[in-house]
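Listed below, chain by chain, are the residues.
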Amino acid sequence: MRRPTRPTGGPGYLDGVRAAAPIGVAALAFGVSFGVLARSAGMGRLAPVVMSLTTFAGSAQFAAASILAAGGGVAAAVAAAVLLNLRYGPMGLSAASTFEGPWWRRALTAQLVVDESWAIAQRDDGHIDRHLLVGAGLLLAVGWVGGTAVGALAGDLVADPASLGLDAAFPALFLALLAGQIKGRSRLLAAVGGALIALALMPVAGPGIPIIAASLACLIGARRP
Amino acid sequence: MTAVWVTVAAVGLATMAIKAAGTLLIGDRKLPPRAQAALEHLAPALLAALVVTQALGAADRGFAIDARLAGLAAAAVALLLRAPLLLVITVAAATAALVRALA
């Protein structure tokens with residue numbers, strides 16, 4: 001990923017905004033489709049927007065909404081979303097030292113960590129650039145929340161998501177994010193393990209359970225310190 | 001409707017807490033290496049499971065082979081050709097929509 005620099009030393013917030021612009025278009029489009037999906041899942045107009053604002057994590061929101069829509073229940077929806085978002089623990093940890101100010105400001109800035117902003121903010125020395133993270137995170141948040149509002153409010157005007165192929169866009173998004181996650185053999189094994197566990201449980205377990213069980217495949221990573 | 005708001009509140013509060021935990025609780029201390037290594041493998045494991053369940057899952061349980069699979073295959077080709085994310089997603093949706101329109 002290109003990292004613009006300023007002559008005065010280090011990137012600024014606007015560099016983060018620029019770096020995130022192409023993915024921001026996707027965030028906007030998927031915000032709209034999340035709004036439409038959530039609305040059709042019976043979540044109403046306001047709840048999807050509140051969720052995008054507070055959770056701000058696409059895959060977890062899609063997972064929770066689709067589990068609710070499939071009748072999987074609150075516990076399975078929350079558990080799957082929380083498990084999906086557990087990755088923000090280590091991500092937030094790796095970014096912890098870049099945040100500044102009082103506790104509430106650091107906690108607030110940490111909310112801008114999503115897969116894409118975190119990836120864009122990676123520096124070559126293994127540290128996170130706060131300006132890139134904040135600039136990228138803010139742009140993605142505006143696209144995601146704004147898109148959700150459009151989708152949730154105009155859902156009635158939009159055709160059936162399936163006829164637009166939107167249901168195929170979800171696995172495509174997860175596949176694209178997965179492709180970026182596979183660095184090295186053990187992560188590939190974790191992905192294969194997760195897929196196999198899900199495939200094995202799908203015929204016998206209710207919605208959400210295969211996804212929760214698949215998280216155990218991450219233990220592949222603990223084999224060697 | 002109540003179930004929806006309970007889900008939104010629980011997921012929102014949990015996610016905000018998870019994102020803030022690093023900087024609030026742990027600061028610049030490090031996790032045990034094995035725990036860190038396991039958590040770094042959570043994303044590929046869960047994303048792979050989501051690809052499988054979202055592309056092949058039936059409404060309740062079991063499998064349903066439909067236009068989503070054609071869309072996913074088109075997305076995989078686009079990814080192999082190093083297409084940007086937006087294009088990958090568009091290709092998948094367009095392919096599935098086309099398959100449904102022709103079916």
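Throughout this document, residue positions are counted from 1 along each chain, in the order its sequence is written. The order in which chains are written sets their letters, starting at A; the order in which ligands are written sets their numbers, starting at 1. It should be noted that, the model being predicted, local features are given only for residues of pLDDT at least 70 and side-chain atom pairs only at 80 or more, the latter also being counted only at that level, while totals for whole chains, interfaces and linings use all residues.

1. A short note on the overall build of chain B
Helix numbering and strand numbering both begin at the N terminus, where a helix is a DSSP run of H or I of at least 4 residues and a strand a DSSP run of E of at least 2. The helix and strand tally for chain B stands at five helices and zero strands. In sequence order, the secondary structure elements of chain B are arranged as α-α-α-α-α. In this scheme the burial state of a residue depends on its C-beta neighbours within 10 Å: 20 or more other such atoms mean buried, 12 or fewer mean exposed, and anything in between means partly exposed; the C-beta positions come from the backbone. A total of 103 residues make up chain B; the buried ones form 48% of that total. Residues are treated as contacting if the C-beta atoms built from their backbones sit within 7 Å of each other. At a minimum sequence separation of 6, the contacts of chain B that also span at least 24 residues come to 28%.

2. Details of the confidence of the model for chain B
Residues shown with low pLDDT carry predicted positions that ought not to be read at fine detail. For every residue, the predictor reports its confidence as pLDDT, a number between 0 and 100. Model confidence for chain B is summarised by a mean pLDDT of 88, while 90% of its residues fall at 70 or above. Reported confidence for the predicted complex is 0.81 by ipTM and 0.67 by pTM.

3. Things to note about the environment of Leu 85 of chain B
The topology assignment puts Leu 85 of chain B in helix H5 (residues 85–102). Exposure remark for Leu 85 of chain B: the 22 C-beta atoms within 10 Å place this residue in the buried category. Separated by ten residues in sequence, Leu 85 of chain B and Ala 75 of chain B place their C-alpha atoms 9.4 Å apart. Leaving out residues up to four positions away in the same chain, Leu 85 of chain B has contacts with Ile 23, Ala 26 and Ala 176 of chain A.

4. With respect to the nonpolar core
Among the nonpolar cores identified, the biggest contains 119 residues, and Ala 64, Ala 80 and Ala 172 of chain A together with Leu 46, Ala 49, Ala 75 and Ala 92 of chain B are the most heavily contacted of them. Of the residues forming this core, the biggest block, 14 residues, is contributed by helix H1 (residues 13–40) of chain A. Every residue in contact with Leu 46 of chain B, bar those within four places of it in the chain, is listed here: Leu 83, Leu 84, Gly 194, Ile 211, Ala 214 and Ser 215 of chain A. For the purposes of this analysis, a nonpolar core is taken to be any set of buried Ala, Val, Leu, Ile, Met, Phe, Trp, Tyr and Cys residues that are connected through C-beta atoms within 7 Å.

5. Examining helix H10 (residues 185–201) of chain A
Residue pairs three or four apart in sequence face the same way in an α-helix, which turns once every 3.6 residues. Multiplying 1.5 Å by the residue count of a helix minus one yields the expected span of that helix. Its 17 residues place the ends of H10 of chain A 24 Å apart at the C-alpha level, agreeing with the 24 Å of an ideal helix rising 1.5 Å per residue. Listed in full, the buried residues belonging to H10 of chain A are Arg 187, Ala 190, Ala 191, Gly 193, Gly 194, Ala 195, Ile 197 and Ala 198 of chain A. Turning to H10 of chain A, the residues buried within the fold contact helix H9 (166–181) and helix H11 (209–214) of chain A together with helix H3 (42–56) of chain B.

6. Remarks on the interface of chain B and chain A
With 70 residues of chain B at the contact, the number on the chain A side is 91 residues. Across the side of chain B that touches chain A, the residue classes break down as 48 nonpolar, 14 polar and eight charged. Only Asp, Glu, Lys and Arg are considered charged, only Ala, Val, Leu, Ile, Met, Phe, Trp, Tyr, Cys and Pro nonpolar, and every remaining residue, Gly among them, polar.

7. What about the packing of helix H3 (residues 58–69) of chain A against helix H4 (residues 74–85) of chain A?
Residue and element names in this part refer to chain A. Contact geometry of H3 with H4 gives a least axis separation of 8 Å together with a crossing angle of 165 degrees. By the criterion of interaxial angle, the relationship of H3 to H4 is roughly antiparallel. Judged by the twist between their axes, the crossing of H3 over H4 is right-handed. Two secondary-structure elements touch here, H3 through Ser 59, Ala 60, Ala 63, Ala 64, Ile 67 and Leu 68 and H4 through Ala 76, Ala 77, Val 78, Ala 80, Ala 81, Leu 84 and Asn 85. Looking at the contact of H3 with H4 residue by residue, the class counts come to eleven nonpolar, two polar and no charged. Orientation is described by lines fitted to C-alpha atoms, with helices fitted over the stretch in contact, and by angles between N-to-C directions that extend from 0 to 180 degrees. Roughly parallel covers angles under 35 degrees, roughly antiparallel covers those over 145, roughly perpendicular covers 65 to 115, and oblique covers all other angles. Rotating anticlockwise by less than a right angle from the far helix to the near helix defines a left-handed crossing, while the corresponding clockwise rotation defines a right-handed one.

8. Here's the deal with helix H2 (residues 46–54) of chain A
Taken together, the buried positions of H2 of chain A are Ala 47, Pro 48, Val 49, Met 51 and Ser 52 of chain A. Remark: Phe 56 of chain A follows H2 of chain A within two positions and exhibits a positive phi of approximately 45 degrees.

9. As for the environment of Leu 14 of chain A
Position of Leu 14 of chain A relative to the elements: it lies in helix H1. With 125 residues separating them along the chain, Leu 14 of chain A and Leu 139 of chain A place their C-alpha atoms 9.8 Å apart.

10. As for unusual backbone geometry
The phi torsion at Phe 56 of chain A lies on the positive side, around 45 degrees, for a residue other than glycine. Summarising the element assignment, Phe 56 of chain A is placed in the loop between H2 and H3. By the C-beta count within 10 Å, which is 25 here, Phe 56 of chain A ends up buried. Non-glycine residue Arg 82 of chain B carries a positive phi angle of around 60 degrees. Take Arg 82 of chain B: it is sitting in the loop between helix H4 (67–80) and H5.

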